[in-house]
Amino acid sequence: MYVDVNYTAILPQIIIAATLFISAMADAFTSTRKWPVGMIALLGIGAGIGSSIYLWGDKIISFSQMISMDEFSLLFFITVMIAGFITVLISLKYVDDVESDAGHFYLLLLSSLLGMMFLVSATNLIVIVLGLELMSFSIYPLVGFTRDRQVSLEGAMKYLVLGAFATAFLLYGIALLYSVLGTTNLYTIAKILSTSQNPTGNMVMMAGVALILIGFSFKVALVPFHAWTPDAYQGAPAPITGFMAAAVKAASFAAIIKVVIVVMSSYHVPVAEAMWWLSAVTMFTGNIIAVMQKNVKRMLAYSSIAHAGYVVVGLVSGNAYGMSSAVFYLISYTFTITGSFAIITYLEKNDGTGTELSDFSGLSKTHPVLSIIMAVFMLSLAGIPPTAGFMAKFYVFSSAIKSGYTGLAIFGILTSVISLYYYLRIVYAMYFEEPEEKANMPVPAGISAGVIIALWGVIQLGILPSDIMNLAMQSIQSLLH
Amino acid sequence: MINHVLFYITAVLLVLTYTYAVIAGNPVYSALAMGGAFFLTSFLFVLLGAPFLAVVQVIIYVGAMLVMFLFIIMMFDLNRSSSAPVKYKPSTIFSYVLTMIILLVAFYMARGVVKMPEGFTVVGFGSAENVGFNLLRYYLLPFELASFILLVGVFGAITFIKKRDRV
């Protein structure tokens, strides 16, 4: 009996899964210092990135139309794997410092990468749910990884409960959609919607789409579904916070683009209005609350909520240029935020302190190079040229203006002026305040390497954005056909 | 016709048991009510013509999960700490009422729109043979992916319960 199996279609996933098993074996045969496991994870993720680049340009749909390997999937594979690569690099010393015999840190990181890769390449709602769950189940224990700290466990618990809640929304939405359309296959759904005369007349289907959108909005932390974000981001170990802000967000947004925007919105299901409000409220709330924060991790948590709002600005228009700008935004944010959290990882002490704003005071005196790089990351988050963040915001807002959403674009620019205040406060603390104590420990090699990769990405995307923008365009085109 | 009558009886009982599971003061009663609800759910599957799913529901949910819940409740001795009657704040009651209104509106709008998808009417749709055939042919990838989720569950458990000797 014929079973539709094509292993090339899931080659990058197979590489990551194999790395997971090899790392698990290595974990069993190493001492309590686990950096060799991290090295194996690095090699595997590197091979995964290589295979994704090698496969670029192919389009294979396999496993009974469950998986599509196209440029869209591959671009997001590369994005999440770069985030994973930088995260492993900056964790090499950190993990051994906070916990002995902790190889499962890398295993969970790899399995969450695997979940993300299935999530972004899925073309069936069932695979999307399973990918999302694989990703989330790996992240929950990582948030509570430093289990001696109350805040870490609290963050993990909140994330777990609200994550389960979000999955319930998603599943219920899918069930409603299935009850109307009779299928979970995205290609079939697109076909039914394109031939249907009045798809919006069916209230059950609309409720299903709304519930699916809510389920994903929890994962990317759009207001009003953001309540878990500050606690989970602050409680998690610093490298994991960066990973969540970069990769989890990128993968969940890929699912939103695929399910809600391409499949639903192209066929006149009106999600644009909902997206408009979500993005406006998210940009405003995230930036306003971030201004009041004293802890840098919590501040960046609120700022990551605001950034999710900016990504949605690109999605409101629902056309190819808008979606490409959203993809570009996610890539630039991935580099910037993992780089910022690499530096925060260096500053975070083993008991979880060291991330207050006052801990950045006078950093330029003790670490001049690190301070300049941190300043570049902060300027990129605020959206000041010539950094990646500026180009990302430029593309997103210009796509909104081109599609006639000028009001939303102006509102977004105003909120990013607010955001300038708290990003520059970190820069101010580093350069114009006196250090409280002179602790000068060397920067670990892994963190240096991670910071350099992130800095390269931020500068590259800021000065020569058109290459990556073309790739984003190609990836969206591969999705539309 | 008899199917319809049985369905409505089961549905009402199901809502009542789950409501009791939520409001019961004693966690053991809650767990047992949930077990009853699992049985009723499996009866719904029987009515839908899916005997395999019904059996799996009983074996996994009642046989494994419910027993695990009861074990955990008894291990923690939650009985004493939470035997005080639950107090309802006005905001809680308001949210219950709001939920009921939303459900009624949804039900009103859904009348006549929801119909059984084609596949359900095929004879033997929910048989063990059919489930196995579909699971290992069309749904091979999700089936394998689910095994990874179980693996990650083990990793997650290790993260929180692993003993350590301080370095």
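Residues numbered from 1 in each chain as written. Chains lettered and ligands numbered in written order. Predicted model: local features only at pLDDT ≥ 70, side-chain atom pairs only at ≥ 80, totals over all residues. Heavy atoms only, no water.

## Considering the overall build of chain B
Turning to step 1, where the next piece is worked out: Tallying secondary structure elements over chain B gives seven helices and zero strands in all.
Turning to step 2, where the next piece is worked out: Shown N-terminal to C-terminal, the secondary structure of chain B runs as helices and strands in the order α-α-α-α-α-α-α.
Turning to step 3, where the next piece is worked out: Scored against the burial criterion, the 167 residues of chain B give a buried share of 21%.
Turning to step 4, where the next piece is worked out: For chain B, the proportion of contacts with a sequence separation of at least 24, taken over those separated by at least 6, is 57%.
Turning to step 5, where the next piece is worked out: When the accessible surface of chain B is split by element, carbon and sulfur atoms take 77% of a total near 12,000 Å². (Helix = DSSP H or I, 4+ residues; strand = E, 2+ residues; numbered from the N terminus. Buried < 20%, exposed > 50% of the residue type's maximum accessible area, 1.4 Å probe, protein only. Contact = heavy atoms within 4.5 Å. Areas by Shrake-Rupley, 256 points an atom, 1.4 Å probe, with all protein chains shown as cover.)

## Topic: the overall build of chain A
Turning to step 1, where the next piece is worked out: Helix and strand content of chain A: 19 helices and two strands.
Turning to step 2, where the next piece is worked out: For 481 residues, the compact-globule estimate of 2.2 N^0.38 gives 23 Å, and the C-alpha radius of gyration of chain A, at 21 Å, lies within 12% of that figure.
Turning to step 3, where the next piece is worked out: Along the first, second and third principal axes, the C-alpha set of chain A runs to 70 × 55 × 40 Å.
Turning to step 4, where the next piece is worked out: When burial is assessed residue by residue, chain A has 65% of its 481 residues classed as buried.
Turning to step 5, where the next piece is worked out: Within chain A, contacts between residues at least 6 apart in sequence are counted, and of these 81% link residues at least 24 apart.
Turning to step 6, where the next piece is worked out: When the accessible area of chain A is evaluated, it comes to approximately 16,000 Å², of which 70% is carbon and sulfur surface.
Turning to step 7, where the next piece is worked out: Here chain A carries 20 positive and 23 negative side-chain charges, and the mean point of each set is 4 Å from the other. (Rg over C-alpha atoms; globule rule 2.2 N^0.38 Å. Lys, Arg positive; Asp, Glu negative; His and termini not counted. Charge placed at Lys NZ, Arg CZ, Asp CG, Glu CD.)

## Considering the domain arrangement of chain B
Residue and element names in this part refer to chain B.
Turning to step 1, where the next piece is worked out: For chain B, the domain assignment lists domain 1 (2-126) and domain 2 (127-167).
Turning to step 2, where the next piece is worked out: Taken together, the contact pairs four residues of domain 1 with four residues of domain 2.
Turning to step 3, where the next piece is worked out: For the pair domain 1 and domain 2, the summed buried area comes to about 370 Å², and 60% of that belongs to carbon and sulfur atoms.
Turning to step 4, where the next piece is worked out: Remark: the boundary between domain 1 and domain 2 carries zero salt bridges.
Turning to step 5, where the next piece is worked out: Among the residues forming the side of domain 1 that touches domain 2, the class breakdown is two nonpolar, two polar and no charged. (Domains from an automatic or database assignment. Buried area = accessible area lost by both parts, 1.4 Å probe. Salt bridge = Lys/Arg side-chain N within 4 Å of Asp/Glu carboxyl O. Nonpolar A, V, L, I, M, F, W, Y, C, P; charged D, E, K, R; others polar.)

## Some remarks on the pattern of salt bridges
All names here are of chain A.
Turning to step 1, where the next piece is worked out: Under the definition given, this model contains 11 salt bridges over all chains.
Turning to step 2, where the next piece is worked out: The residue Arg 147 makes a salt bridge to Glu 99 at a minimum N-O spacing of 3.7 Å. A residue pair is termed long-range when its members are at least 10 positions apart, and Arg 147 in the loop between helix 5 (125-143) and helix 6 (150-181) and Glu 99 in the loop between helix 3 (71-98) and helix 4 (104-121) qualify at 48 residues. Summarising the burial analysis for this pair, Arg 147 and Glu 99 share the class buried.
Turning to step 3, where the next piece is worked out: In this structure, Glu 348 and Lys 297 form a salt bridge, with 2.6 Å as the shortest nitrogen-oxygen distance. On the criterion of sequence distance, the pair formed by Glu 348 in the loop between helix 13 (320-347) and helix 14 (363-366) and Lys 297 in helix 12 (residues 296-316) is long-range, its members being 51 residues apart. Comparing Glu 348 with Lys 297 shows no difference in burial state: the two are buried.

## Quick look at the interface of chain B and chain A
Turning to step 1, where the next piece is worked out: Contacts between the two partners involve 32 residues from chain B and, on the opposite side, 42 residues from chain A.
Turning to step 2, where the next piece is worked out: The junction of chain B with chain A conceals about 3,300 Å² of combined surface from both sides, 73% of it contributed by carbon and sulfur atoms.
Turning to step 3, where the next piece is worked out: Across the contact surface, chain B and chain A share one salt bridge.
Turning to step 4, where the next piece is worked out: For Lys 162 of chain B, the salt bridge goes to Asp 101 of chain A, with nearest N and O atoms at 3.6 Å.
Turning to step 5, where the next piece is worked out: At the boundary of chain B and chain A, one finds four residue pairs in polar contact (both at pLDDT 80 or more).
Turning to step 6, where the next piece is worked out: Of all the secondary-structure elements, those providing two or more residues to the side of chain B that touches chain A are helix 5 (90-110), helix 6 (128-137) and helix 7 (140-161) of chain B.
Turning to step 7, where the next piece is worked out: At 15 residues, the largest contribution of residues to the side of chain B that touches chain A is made by helix 7 of chain B. (Polar contact = N/O pair within 3.5 Å; in protein donor to acceptor, adjacent residues only side chain to side chain.)

## A word on the packing of aromatic side chains
How two aromatic rings sit relative to each other is given by the distance of their centres and the angle of their planes.
Residues and elements named next belong to chain A.
Turning to step 1, where the next piece is worked out: Scanning all chains against the criterion turns up 25 aromatic pairs over all chains.
Turning to step 2, where the next piece is worked out: Measuring from centroid to centroid gives 5.2 Å for Trp 276 and Trp 277, while their planes differ by 70°, and the two rings are edge-to-face.
Turning to step 3, where the next piece is worked out: Since its relative accessible area comes to 27%, Trp 276 is described here as partly exposed.
Turning to step 4, where the next piece is worked out: A residue is classified by how much of its surface remains accessible, and Trp 277, at 58% relative accessible area, is exposed.
Turning to step 5, where the next piece is worked out: One aromatic cluster is present, formed by Phe 137, Tyr 140, Tyr 159, Trp 228 and Tyr 233 through successive ring pairs.
Turning to step 6, where the next piece is worked out: The ring of Tyr 310 has Lys 393 lying over it, and the distance from NZ or CZ to the ring centre is 4.6 Å.
Turning to step 7, where the next piece is worked out: Over the face of the ring belonging to Tyr 321 we find Lys 402, whose NZ or CZ atom lies 4.2 Å from the ring centre. (Phe/Tyr/Trp six-rings, centres within 6.5 Å; stacked < 30°, edge-to-face > 60°. Lys NZ or Arg CZ within 6 Å of the ring centre and 35° of its normal.)

## What about unusual backbone geometry?
All names here are of chain A.
Turning to step 1, where the next piece is worked out: Backbone torsion omega between Val 223 and Pro 224 reads 10°, so that peptide bond is classified as cis.
Turning to step 2, where the next piece is worked out: Considering the arrangement of structural elements, one finds Pro 224 in the loop between helix 8 (203-220) and helix 9 (229-235).
Turning to step 3, where the next piece is worked out: For the bond running from Pro 385 to Pro 386, omega is 5°, close enough to zero to count as cis.
Turning to step 4, where the next piece is worked out: By the element assignment, Pro 386 lies in the loop between helix 15 (368-382) and helix 16 (388-402).
Turning to step 5, where the next piece is worked out: In this structure, Phe 63 takes a positive phi of about 55° despite not being glycine.
Turning to step 6, where the next piece is worked out: Its location among the elements puts Phe 63 in the loop between strand 1 (60-62) and strand 2 (67-69).
Turning to step 7, where the next piece is worked out: Despite not being glycine, Asp 101 shows a phi value in the positive range, around 55°.
Turning to step 8, where the next piece is worked out: Assessed through its relative accessible area of 26%, Asp 101 is described here as partly exposed.

## Structural notes on the confidence of the model for chain B
Turning to step 1, where the next piece is worked out: Per-residue confidence for chain B averages 83 on the pLDDT scale, and 82% of its residues sit at or above 70.
Turning to step 2, where the next piece is worked out: Model confidence for chain B, summarised as mean pLDDT per element, is weakest for helix 4 (residues 78-81) of chain B at 58 and strongest for helix 7 of chain B at 92. (pLDDT = per-residue confidence, 0-100.)

## Describing the nonpolar core
Turning to step 1, where the next piece is worked out: Ranked by size, the top nonpolar core spans 189 residues in total, and within it Met 244 and Phe 360 of chain A carry the most contacts.
Turning to step 2, where the next piece is worked out: If you tally residues by element for this core, the top one is helix 10 (residues 238-264) of chain A, at 21 residues.
Turning to step 3, where the next piece is worked out: Those residues in contact with Phe 360 of chain A that lie beyond four places of it in its chain are Val 296, Ile 344, Leu 347, Met 374, Ile 426, Ala 429 and Met 430 of chain A.
Turning to step 4, where the next piece is worked out: In this structure, Val 28, Phe 38, Val 62 and Leu 70 of chain B belong to the second largest nonpolar core, which totals seven residues. (Core = buried A, V, L, I, M, F, W, Y, C linked by side-chain atoms within 4.5 Å.)

## Focus on the side chain of Thr 183 of chain A
Turning to step 1, where the next piece is worked out: Assignment of secondary structure puts Thr 183 of chain A in the loop between helix 6 and helix 7 (186-195).
Turning to step 2, where the next piece is worked out: In this structure the side chain of Thr 183 of chain A is engaged in a polar contact, spanning 3.0 Å, whose partner is the backbone nitrogen of Asn 185 of chain A.

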